[in-house]
Amino acid sequence: MSEMTHRSKTRPVKVGDLTIGGSNELFIQSMATTKTHDVEATVAEILRLEEAGCQIVRVACPDERAAYAIGAIKERINIPLVVDIHFDYKLALIAIEQGADKIRINPGNIGRREKVEAVVNAAKAKGIPIRIGVNAGSLERKILEKYGYPTAEGMVESALHHIKILEDLDFHDIIVSLKASDVSLAVEAYELASKAFDYPLHLGITESGTLFSGTVKSAAGLGALFAKGIGNTLRVSLSADPVEEVKVAREMLKIFGLSSNAATLISCPTCGRIEIDLISIANEVEEYISHIKAPLKVAVLGCAVNGPGEAREADIGIAGARGEGLLFMHGKTVRKVPEATMVEELKIEIDKLAEAYFEK
Ligand code: SF4
């Protein structure tokens, strides 16, 4: 078995103005939940996703009304638009003609060779990639019969089958996903895929659940893959407002040091030494820094006993100290601030640091 392909070594594939793969950067993707033919609602949702930090967005394309809406949607959004098509090659052709930045379609499901060629030629002419989406729940019957049930080997075999169809037509702008709702199965499939080919991988644990359980499940699966250097784009799938998917994805990337445009909060778990109302302060500061686009580390600590020293890696922070707070930077106390104003003062200092970061 060959070596794993680290995300920085995958083949670079352009999606709109982004280059997926060939670097250590992972892009955050989400999916609109609106009816795609409802252009107003779809654009409004995508703009909310952009604001939250979404970098690529996918829309469903179940019918011609949806396919013909792509152009109007694209005109009003600022991030690459991926169009999700299941079998119908005509919808793929319309979506491509309308300006889709990528289409998700499995070439093996399109049918006759002329139809596959028509889609591939249209994608080639526009210079857009095709995502092959393998799902453990819908593997080809032939593969299921061979393995008896969905396995990682079967999922990769399915991906290779679709890849070969595209490669035979000299098409190589390919991105692959291998989703499963079983975390171990998904992780194993992505690992095998990273050894089997060097196309960029779109990560996701599908049908992962509600905001709470889905976040934990996605973090477990995607975290294992991030740590191995696997993956080029990701979607956290949640039964929730898709803005939550983006927030969770951003947090995951921050944890692994894979985000260069987001601030991180460090807050203590609190204990009997606590001197301030830490939990509400931590929530307020977390909400505030979610809009900061610089990679700052901000600490909020309940007391000064282990405070500033423990949070030495923080760029800035406050530690509670009997009715007041200690404002500190890089482990050193800068000044005392009254409890009533300490959060506001912290916010002002955060803004200054963020500004200084962008002036550098
Ligand atoms: Fe306890 Fe202070 Fe540590 Fe927070 S920073 S856990 S309050 S000792």
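Attention here is on the structure that accompanies the text. (Residues numbered from 1 in each chain as written. Predicted model: local features only at pLDDT ≥ 70, side-chain atom pairs only at ≥ 80, totals over all residues. Heavy atoms only, no water.)

## Observations concerning the overall build of the chain
Working step 1: The helix and strand inventory of the chain stands at 12 helices and 15 strands.
Working step 2: Against the globule reference of 21 Å for 360 residues, the chain gives a C-alpha radius of gyration of 23 Å, in line with a compact fold.
Working step 3: Residues counted as buried form 51% of the 360 residues belonging to the chain.
Working step 4: Pairs at least 24 residues apart make up 64% of the contacts formed inside the chain by residues separated by at least 6 positions. (Helix = DSSP H or I, 4+ residues; strand = E, 2+ residues; numbered from the N terminus. Rg over C-alpha atoms; globule rule 2.2 N^0.38 Å. Buried < 20%, exposed > 50% of the residue type's maximum accessible area, 1.4 Å probe, protein only. Contact = heavy atoms within 4.5 Å.)

## Remarks on the state of the cysteines
Working step 1: Within the structure shown, the criterion is met by zero disulfides.
Working step 2: Cysteine C61 is unpaired, with the sulfur of C54 as its nearest cysteine sulfur at 18 Å. (Disulfide = S-S within 2.5 Å.)

## Brief notes about the packing of helix 8 (residues 211–227) against helix 9 (residues 242–255)
Working step 1: Relative to each other, helix 8 and helix 9 sit at 35°, their axes nearing to 10 Å. Judged by the sense of rotation from one axis to the other, the crossing of helix 8 with helix 9 is right-handed. Two secondary-structure elements touch here, helix 8 through L211, T215, S218, A219, L222 and F226 and helix 9 through E244, V248, M252 and L253. (Axes fitted to C-alpha atoms, helices over the stretch in contact; angles between N-to-C directions. Left-handed = near helix turned anticlockwise from the far one by under 90°.)

## What to know about helix 9
Working step 1: Taking 1.5 Å of rise per residue, the 14 residues of helix 9 would be expected to cover 20 Å, and the 20 Å separating its terminal C-alpha atoms lies within 8% of that figure.
Working step 2: Among the 14 residues in helix 9, 10 count as buried, and that is most of the element.
Working step 3: If you check which residues of helix 9 are buried, you get P242, V243, E245, V246, V248, A249, R250, M252, L253 and K254.
Working step 4: Buried residues along helix 9 sit against strand 3 (27–31), helix 1 (39–52), helix 8, strand 10 (233–236) and strand 11 (264–267). (Expected span 1.5 Å × (residues − 1).)

## Some details on the packing of aromatic side chains
Working step 1: The tally for this structure, following the rule as stated, stands at three aromatic pairs.
Working step 2: When the centroid spacing of 5.2 Å and the interplanar angle of 85° are considered together, the rings of Y357 and F358 count as edge-to-face.
Working step 3: Since its relative accessible area comes to 29%, Y357 is described here as partly exposed. (Phe/Tyr/Trp six-rings, centres within 6.5 Å; stacked < 30°, edge-to-face > 60°.)

## Notes on the side chain of N232
Working step 1: As for its placement among the helices and strands, N232 is situated in the loop between helix 8 and strand 10.
Working step 2: Relative accessible area serves as the criterion here: at 1%, N232 is assigned to the buried category.
Working step 3: Engagement of the side chain of N232 in a polar contact is seen with the side chain of T10, the distance being 3.1 Å.
Working step 4: Filtering out sequence-adjacent residues up to four positions away, N232 remains in contact with R7, T10, I20, G21, G22, S23, E25, L26, F27, P200 and L201. (Polar contact = N/O pair within 3.5 Å; in protein donor to acceptor, adjacent residues only side chain to side chain.)

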